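Architecture at a glance
If you want the building blocks of each chain, they are given just below.
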Amino acid sequence: PRAKASLCTNRLPSMPLVGSPRHGPPLKLAGRAQRRPPPRTIAPKCDISSPPARLTRRAVSAASLLLTALPFPASSPQLPVASASETEEEVGGGEGGAPALELERYTDQDQGFTLLKPTSWPKVEKAGATALFQQEGKGSNNIGVVVNPVRLSSLKDFGTPQFVADRLLQAEKKKESTKSAEVISTGERSGRDGLTVYEIEYSLDSTRGGMKRIFSAAFVASRKLYLLNVAYSDTEEKPLDKQTRLVLEEVLHSFDSV
């Protein structure tokens, strides 16, 4: 039978190509253009140290880290979720007549990020969160930040805002607690020194926190992925009011490097 040629150039057999009695006379090879394509088979292990292969592995590694960080909103088991029986405290102004939510600057020089956060929301310690701020009396309304190392120099190396949003929603929908999740909007803005920041807004309905509105912002700086998630209750009985929404959007837009 005809010998199968190796796919690695350093393993080409030295024997000449000959015909098989079953398949007629030998092939007439006038040049490389007439070479018969090799049969479909499982390729042997070859040297995969070429640049395209390295880039592929780096992209896969970065994607894995990003997807590990992205599913951080309030539905995550790492974050506390208030039960339906807990008393809800209105922190926004508007229809309820409650005072508007006041914001103050929070900066983490060690990790390299800054944002605005509600003055009345204390910082709490929680495994997996670089920083976490909760509304008193309703911990499922919260602001969380996670920081993870990546091999990317910019978030654009991973994909567009819509691509990141789609991956985020895929991760959310894989959770057993998720009932539904839908992207509302995606965007891009420039941060400090022209830093690319992606912003994503989506709705989430889960068995762990009910209906919520999630505002997410992400950027890459100094080979680190920074992700902000702002989660707030948005039920049919008590939808997110306009004043509180404006405050939460201000928090979203304030997320930046230092």
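The chain has the name PsbP C-terminal domain-containing protein in an unreviewed UniProt entry, where Aegilops tauschii subsp. strangulata is given as its organism.

Some remarks on the overall build of the chain
Within the chain, the secondary structure is distributed over three helices and nine strands. Helices and strands appear in the chain in the N-to-C order α-β-β-β-β-α-β-β-β-β-α-β. Looking at the chain residue by residue over its 258 residues, the buried ones come to 42%. For the chain, the accessible surface area stands at approximately 15,200 Å², while carbon and sulfur atoms represent 52% of it.

Focus: the pairing of strand 5 (residues 178-190)
Relative to strand 6 (residues 196-206), strand 5 runs antiparallel, the two sharing 11 bridges. Of the residues in strand 6, the one forming a bridge with Glu182 is Ser203. With antiparallel pairing between neighbouring strands as the criterion, strand 5 and strand 6 make up a hairpin whose turn holds five residues, including Asp193 at a positive phi of roughly 55 degrees.

Here's the deal with the pattern of salt bridges
Summed over all chains, the structure comprises 10 salt bridges. Glu104 is paired through a salt bridge with Lys117; the nearest N and O atoms lie 2.9 Å apart. Of the two residues, Glu104 sits in strand 1 (residues 103-108) while Lys117 sits in strand 2 (residues 113-118), which places them 13 residues apart along the sequence. Between Glu249 and Arg245 there is a salt bridge, and its shortest N-O distance comes to 3.0 Å. Of this pair, Glu249 and Arg245 both sit in helix 3 (residues 242-254), separated by four residues, roughly a single helical turn. One network of salt bridges, with partners in common, ties together Glu201, Arg213, Asp234, Arg245 and Glu249.

A few points about helix 3
For helix 3, which comprises 13 residues, the first-to-last C-alpha distance of 18 Å matches the rise-based estimate of 18 Å (1.5 Å per residue) to within 8%. When we look at burial in helix 3, the residues that qualify are Thr244, Val247, Leu248, Val251, Leu252 and Ser254. Capping the start of helix 3, Asp241 holds a side-chain oxygen 3.1 Å from the backbone nitrogen of Gln243, two or three residues further along.

With respect to the side chain of Lys212
Structurally, Lys212 is set in strand 7 (residues 210-221). Given the relative accessible area of 2%, Lys212 is considered buried. Within polar-contact distance, the side chain of Lys212 engages the backbone oxygen of Ser140 at 2.8 Å.

Overview of the sheet that holds strand 4 (residues 138-149)
The strand order 3-4-8-7-6-5 describes an open sheet built from six strands, whose pairing is antiparallel. The sheet is open, and its two borders are formed by strand 3 (131-135) and strand 5, each paired with just one other strand. Here the strands of the sheet are splayed against their neighbours by 15 degrees on average, with no regard to which way each runs. Two elements, strand 4 and strand 8 (residues 224-233), share eight bridges in a ladder whose sense is antiparallel. The residue bridging Asn148 from the neighbouring strand is Leu225, located in strand 8. This element, helix 2 (residues 161-173), spans strand 5, strand 6 and strand 7 of the sheet and lies at about 160 degrees to strand 5. Sheet contacts for helix 3: strand 4, strand 5, strand 6, strand 7 and strand 8; angle to strand 7, the most-contacted strand, approximately 20 degrees.

A word on the environment of Glu172
You can see Glu172 is positioned in helix 2. Separated by 32 residues in the primary sequence, Glu172 and Leu204 have C-alpha atoms spaced 8.5 Å apart. Within the structure, Glu172 has its side chain in polar contact with the side chain of Tyr202 (distance 2.9 Å).

Re the sheet that holds strand 2
Strands in a sheet are paired, the pairing made by backbone hydrogen bonds, and the direction either parallel or antiparallel. The strand order across the open sheet built from three strands is 1-2-9, with neighbouring strands paired in antiparallel fashion. Every interior strand has two partners, whereas the edge strands, strand 1 and strand 9 (256-257), have only one. Relative to strand 2, strand 1 runs antiparallel, the two being bridged by six bridges. Each residue of the ladder has a partner; that of Glu104, found in strand 2, is Lys117. Most of the contacts of helix 3 go to strand 2, to which it runs at about 170 degrees, and overall it touches strand 1, strand 2 and strand 9.

So, the packing of aromatic side chains
Tallied over the entire structure, the rule returns seven aromatic pairs. Where Phe219 meets Phe255, the ring centres are 5.1 Å apart and the plane angle is 50 degrees; that geometry is what we call tilted. Linking Phe219 in strand 7 with Phe255 in the loop between helix 3 and strand 9, this pair joins segments that are 36 residues apart in sequence. The exposure classification of Phe219 matches that of Phe255, with both residues buried.

How each quantity is defined
- Residues numbered from 1 in each chain as written.
- Predicted model: local features only at pLDDT ≥ 70, side-chain atom pairs only at ≥ 80, totals over all residues.
- Heavy atoms only, no water.
- Helix = DSSP H or I, 4+ residues; strand = E, 2+ residues; numbered from the N terminus.
- Buried < 20%, exposed > 50% of the residue type's maximum accessible area, 1.4 Å probe, protein only.
- Areas by Shrake-Rupley, 256 points an atom, 1.4 Å probe, with all protein chains shown as cover.
- Pairing = 2+ DSSP bridges.
- Salt bridge = Lys/Arg side-chain N within 4 Å of Asp/Glu carboxyl O.
- Expected span 1.5 Å × (residues − 1).
- Polar contact = N/O pair within 3.5 Å; in protein donor to acceptor, adjacent residues only side chain to side chain.
- Axes fitted to C-alpha atoms, helices over the stretch in contact; angles between N-to-C directions.
- Contact = heavy atoms within 4.5 Å.
- Phe/Tyr/Trp six-rings, centres within 6.5 Å; stacked < 30°, edge-to-face > 60°.

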